[in-house]
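# Chain and residue survey
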Amino acid sequence: MIEIEHLTKRYGKKTAVDDLTFTVKPGVVTGFLGPNGAGKSTTMRAIVGLDAPTSGLARVNGRHYSEFRSPLTEVGALLEAKSVHAGRSAYKHLLALARTHGIPKRRVTEVIDLVGLHEVAGKRVGGFSLGMGQRLGIAVALLGDPAVLILDEPVNGLDPDGVKWIRLLLKGLAAEGRTVFLSSHLMSELAQTAEHLVVIGQGRLLADTTVDAFVSGNGQARVRVVSPDAARLAESLAGPGISVASPERGVLEVTGTEAAVVGQTAAAHGLVLHELRTDRGSLEDAFMQLTADAVEYRQTSEGANR
Amino acid sequence: MTAAVMTDRPAAYTPPVHYKLSAAGLLRSEWTKLWSLRSTWIVLLCAVVFSAGLGALIASSVPSDQALGGAGAALDFSMAGIALASVFVAVLGILTVTGEYSTGSIRSTMSAAPKRVPVLWAKAAVYGAVVAVLFGVMVFLTFFMTQAIFSGTDLGGVSLADEGVLRALLGYAAMIVYLALLALGIGSILRNSAGSIGFYIGVIMILPQLATLLPWNWVAEVTPYAPGNVPNTLLLVDPTGANLSVGESWLWMGIWLVVTYGLAGVLLKRRDV
Ligand SMILES: Nc1ncnc2c1ncn2[C@@H]1O[C@H](COP(=O)(O)OP(=O)(O)OP(=O)(O)O)[C@@H](O)[C@H]1O
Ligand SMILES: [Mg+2]
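Residues numbered from 1 in each chain as written. Chains lettered and ligands numbered in written order. Predicted model: local features only at pLDDT ≥ 70, side-chain atom pairs only at ≥ 80, totals over all residues. Heavy atoms only, no water.

### A short note on the site of ligand 1
Residues and elements named next belong to chain A. Definition in use: Whether a residue is near a molecule or strand is decided by its heavy atoms; if any one of them lies within 4 Å of it, the residue is near. Identification of polar contacts relies on pairs of N or O atoms within 3.5 Å, with a donor-acceptor requirement for protein atoms, meaning one able to donate a hydrogen and the other able to accept it, and with residues adjacent in sequence counted only if both atoms are side-chain atoms. Here the accessible surface of atoms and residues is derived via Shrake-Rupley with a 1.4 Å probe, and residues count as covered only by protein chains that are part of the display. Helical segments are the DSSP runs of H or I of at least four residues, strand segments are the runs of E of at least two, and each set is numbered from the N terminus.
The local shell around ligand 1 holds 17 residues, among which G37, K40, S41, T42 and E80 are the closest. Within the side chain of K14, an N or O atom sits 3.5 Å from an oxygen atom of ligand 1. A38 places a main-chain nitrogen or oxygen 3.2 Å from an oxygen atom of ligand 1. Taking 640 Å² as the accessible area of ligand 1 by itself, protein coverage stands at 70%. At the level of elements, β2 (14–24) and α1 (40–47) are the ones that each hand at least two residues to the shell around ligand 1. Ranked by residues supplied to the shell around ligand 1, first place goes to α1 with four residues.

Take a look at the structure:
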């Protein structure tokens, strides 16, 4: 269980996290979502006591992180930036951390095998690829077999195999009753892993809900129609609040109404339909819609603004 | 009712109970960290080679028809390399801390030990002990080697049994440990490799020497108390007439370490990692 209460963090004049309050419960994977610079990494650093909050609290299982007698078994963290000395081998990095808590060498080799770094464990981390560095970070997080896992963009740099692996791993860990909290700016990624969602923008809470509720609440449903009489159907559908677009000949995309209404209209006018289907708003759309006002670093080229 | 509610969720997970953060663990961790970097081996090897090599080189190049100015001068010649080695040792002391900041490994370190200050103690204890053992050996090794060179010539050597010699040799070892600890503390305060090394060489090593050239009297009065100068008395075979007595020398070394580590500890607690 992670409790964030009125957490505010300012760096000079810049407010990175602004009066944030939410709880991350054990037993499910919770996704932490927000555009670049939203304050995800800052919040996570505050949880493990690396950054002191300007005001408010970040607690793990009712306590401040620094109060734990064995921090590594309470919280395992993968933080965004590389947190390893480039001149040290993966094995020695893990071993040094393990020794602080009297964790045996056996456990070190265990996590190395688990993340698939067996062959390069003796090599200097400086030569690691992004994905290998990420795997090492995951190994560090798992080292103490902790009750709470905090992972800042864990899929960053992983190959498709790795992405699938970590998805299953995290779900498995949550199913054991652990608290799993992972950040991403890729909504689609989180949707496949997380059950619960915390969305922030410009340091403020935008949503704290389940993935399902989030999608149905924010994504606008769109009805897709394929018809040889597309032009006439578009005319008969026209009305207040309804918009009709035609991405290609014979295809309509209707928003602001339901598939049933479209079907009835077509029947009433004796129009032939080849296809009628509801596209649930994609997660990315839902996310974009929610954070539209809270995006801080937006590219200015037109093509990129969809 | 309660039972039904409880089966709703997976059973609460209990983490392993036998893993505990401890002071001994932090010491072992710092030991592992120190020796798992190639730079440690290279820099300490340099320090060892310079201290012995330079001592031997200087000792064998002293013109043998010239009388040595007593035991004090004999020791100055033989220990010239130790003084140079102290620079290597100080730089490595700085890097054990600043290297963690520049690479980001400090975040791993401090998430494993979130009270932070014990990490500083562990680092200082491990590095101080390594330097003490290594240079405890090197000082005597260099001494016996150089005296062997001297005794083959007209110069004659000094003996450990000569008055003040043993104390001066231990003084060299103490100085190098003190400088190593001082440098490590500076690294912890400044966090930046280039800045800390620059500060150490500029302010600790060179500034007190330059200060003697300044025209004001008070500067000459305070320079013996500068952090880089306070161990000087310990190196003398005959400390009478030195600016600081042997006792004062120890006292001021203690004061500077307390000041440095006090500041380092407070800053470590207060700043974000
Ligand atoms: N140490 C720091 N000093 C100054 N500003 C900072 C610091 N850390 C973060 N910030 C600022 O705080 C804001 C939030 O940053 P943070 O890294 O938490 O965002 P994020 O949600 O993790 O973004 P991303 O998705 O790009 O990783 C940003 O505007 C960033 O510039
Ligand atoms: Mg981030």
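Now that the structure has been shown, the text picks up again.
### Side note on the sheet that holds strand β12 (residues 251–255) of chain A
All names here are of chain A. So the rule is basically this: Paired strands, in this sense, are two strands between which DSSP finds at least two bridges. Only C-alpha atoms enter the line fits that serve as axes; for helices the fit covers just the stretch in contact. Angles between N-to-C directions range over 0 to 180 degrees. Only heavy atoms enter the contact rule, under which two residues are in contact if any of them lie within 4.5 Å.
Here we have four strands laid out as an open sheet, ordered β11-β12-β10-β13, and antiparallel in their pairing. Two strands bound the open sheet, and with one partner strand each, they are β11 (243–248) and β13 (275–279). Going across the sheet, the axis of each strand differs from the next one's by a mean of 25 degrees, ignoring polarity. Sheet analysis places β11 next to β12, joined by four bridges and oriented antiparallel. Bridge pairing in β12 links S243 to T255. This element, helix α9 (residues 230–237), spans β10 (222–226), β11 and β12 of the sheet and lies at about 15 degrees to β12.

### Points about the domain arrangement of chain A
For the record, the criterion: Note that the domain bounds were set by an automatic or database domain assignment.
Split by domain assignment, chain A resolves into domain 1 (2–217) and domain 2 (222–279). Using C-alpha coordinates to define each centre, domain 1 of chain A is positioned 45 Å away from domain 2 of chain A.

### Remarks on the interface of chain B and chain A
Here is the rule we go by: A 1.4 Å probe defines the accessible area here, and the buried area is the portion of it lost by two parts on being joined, summed over both. Between Lys or Arg on one side and Asp or Glu on the other, a salt bridge is scored when a side-chain nitrogen of the former is within 4 Å of a carboxyl oxygen of the latter.
Counting from both sides, the interface comprises 34 residues of chain B and, opposite them, 48 residues of chain A. Contact between chain B and chain A buries roughly 3,500 Å² in total, counting both sides, with carbon and sulfur atoms accounting for 57%. It is B:Y13, B:Y19 and B:R107 that lose the most area in chain B upon contact with chain A, and together they represent 20% of the buried surface on that side. Where chain B touches chain A, the interface holds one salt bridge. Here chain B and chain A share 17 residue pairs in polar contact (both at pLDDT 80 or more) between them. Listed by contribution, the elements that provide at least two residues to the side of chain B that touches chain A are α2 (23–35), α5 (80–103) and α6 (105–112) of chain B. The biggest single contributor to the side of chain B that touches chain A is α6(B), with seven residues.

### Topic: the packing of aromatic side chains
To keep things clear, this is the line we draw: Stacked, edge-to-face and tilted are the three classes for Phe, Tyr and Trp ring pairs, Trp counted by its six-membered ring, which pair at centre distances within 6.5 Å; planes under 30 degrees apart are stacked, over 60 edge-to-face, the rest tilted. Working rule: Lys NZ or Arg CZ, within 6 Å of ring centre, within 35 degrees of ring normal, means a charge sits over the ring.
Following the criterion strictly, the structure yields 11 aromatic pairs over all chains and no others. Judged by centre distance (5.8 Å) and plane angle (50 degrees), the rings of A:F22 and A:F181 are tilted. One end of the pair, A:F22, is in strand β2; the other, A:F181, is in strand β7 (residues 179–184), with 159 residues separating them in the sequence. Three or more aromatic residues link up through ring pairs in this structure, and these residues are A:F22, A:F32 and A:F181. When the ring centre of B:Y13 is taken as origin, the NZ or CZ atom of A:R178, which lies over that ring, is 3.9 Å away.

### Thoughts on the pattern of salt bridges
Just so we agree on the cut-off: Exposed residues in this analysis have more than 50% of their type's maximum accessible area, buried residues have under 20%, and partly exposed residues fall in between, with area computed by a 1.4 Å probe over protein chains only.
Evaluation of the coordinates by the stated rule reveals 15 salt bridges over all chains. One salt bridge connects A:D51 with A:R45, and the closest N-O pair in it is separated by 3.1 Å. Judged by relative accessible area, which is 3%, A:D51 ranks as buried. Across the pair B:K123 and B:E100 runs a salt bridge, and its minimum N-O distance is 2.6 Å.

### As for the packing of helix α3 (residues 38–61) of chain B against helix α7 (residues 117–151) of chain B
In helix packing, the relevant descriptors are the interaxial angle and the interaxial distance, both defined with respect to the helix axes. All names here are of chain B. What counts, and what does not: Convention used here: angles under 35 degrees read as roughly parallel, angles over 145 as roughly antiparallel, angles from 65 to 115 as roughly perpendicular, and any remaining angle as oblique. Put simply, a crossing is left-handed when the front helix is turned counterclockwise from the back one by less than a right angle, and right-handed when it is turned clockwise.
Taken N-terminus to C-terminus, the directions of α3 and α7 make an angle of 20 degrees; their axes are 9 Å apart at the nearest point. By the angle between their directions, the pair α3 and α7 is classed as roughly parallel. Note that α3 runs across α7; the crossing there is right-handed. Residues L44, A47, V48, S51, A52, G55, A56, A59 and S60 of α3 form the contact with α7, whose participating residues are V130, L134, F135, M138, T142, M145, T146, I149 and F150.

### Points about the sheet that holds β7(A)
Residues and elements named next belong to chain A. With mixed pairing, the six strands of this open sheet are ordered in space as β5-β6-β7-β3-β8-β9. Among the strands making up the open sheet, the edge pair consists of β5 (75–78) and β9 (204–210). The mean angle between the axes of side-by-side strands here comes to 15 degrees, regardless of whether they run parallel or antiparallel. Alignment of strand β6 (residues 148–152) against β7, held across five bridges, turns out to be parallel. Within β7, the residue paired with D152 across the bridge is S183. Where α1 meets the sheet, it contacts β3 (29–33), β6, β7 and β8 (196–201), and its direction lies at approximately 150 degrees from that of β7. Of the strands in this sheet, β3, β6 and β7 are in contact with helix α6 (residues 160–175), which crosses β7 at around 150 degrees.

### Brief notes about empty space enclosed by the protein
All names here are of chain B. Rules: Points on a 1 Å grid, built from protein atoms alone, make a cavity when a 1.4 Å probe fits but cannot get out and make a pocket when they are open with protein on both sides within 12 Å along at least 5 of 7 lines; residues with an atom within 4 Å of a point are the lining residues. Grid points are joined across faces, edges and corners, and a volume is the space filled by probe spheres set on the points. Each residue receives one of three labels: charged for Asp, Glu, Lys and Arg, nonpolar for Ala, Val, Leu, Ile, Met, Phe, Trp, Tyr, Cys and Pro, and polar for the others, Gly being one of them.
Evaluation of the coordinates by the stated rule reveals three cavities of 30 Å³ or more. In this structure, the largest cavity encloses a volume near 60 Å³. Looking at the largest cavity, the residues that line it are V97, Y101, I106, M110, R116, V119, L120, K123, S188 and L268. Elements with a minimum of two residues in the lining of the largest cavity: α5, α6 and α7. Ranked by residues supplied to the lining of the largest cavity, first place goes to α7 with three residues. Partitioned by chemical class, the residues of the lining of the largest cavity number seven nonpolar, one polar and two charged.

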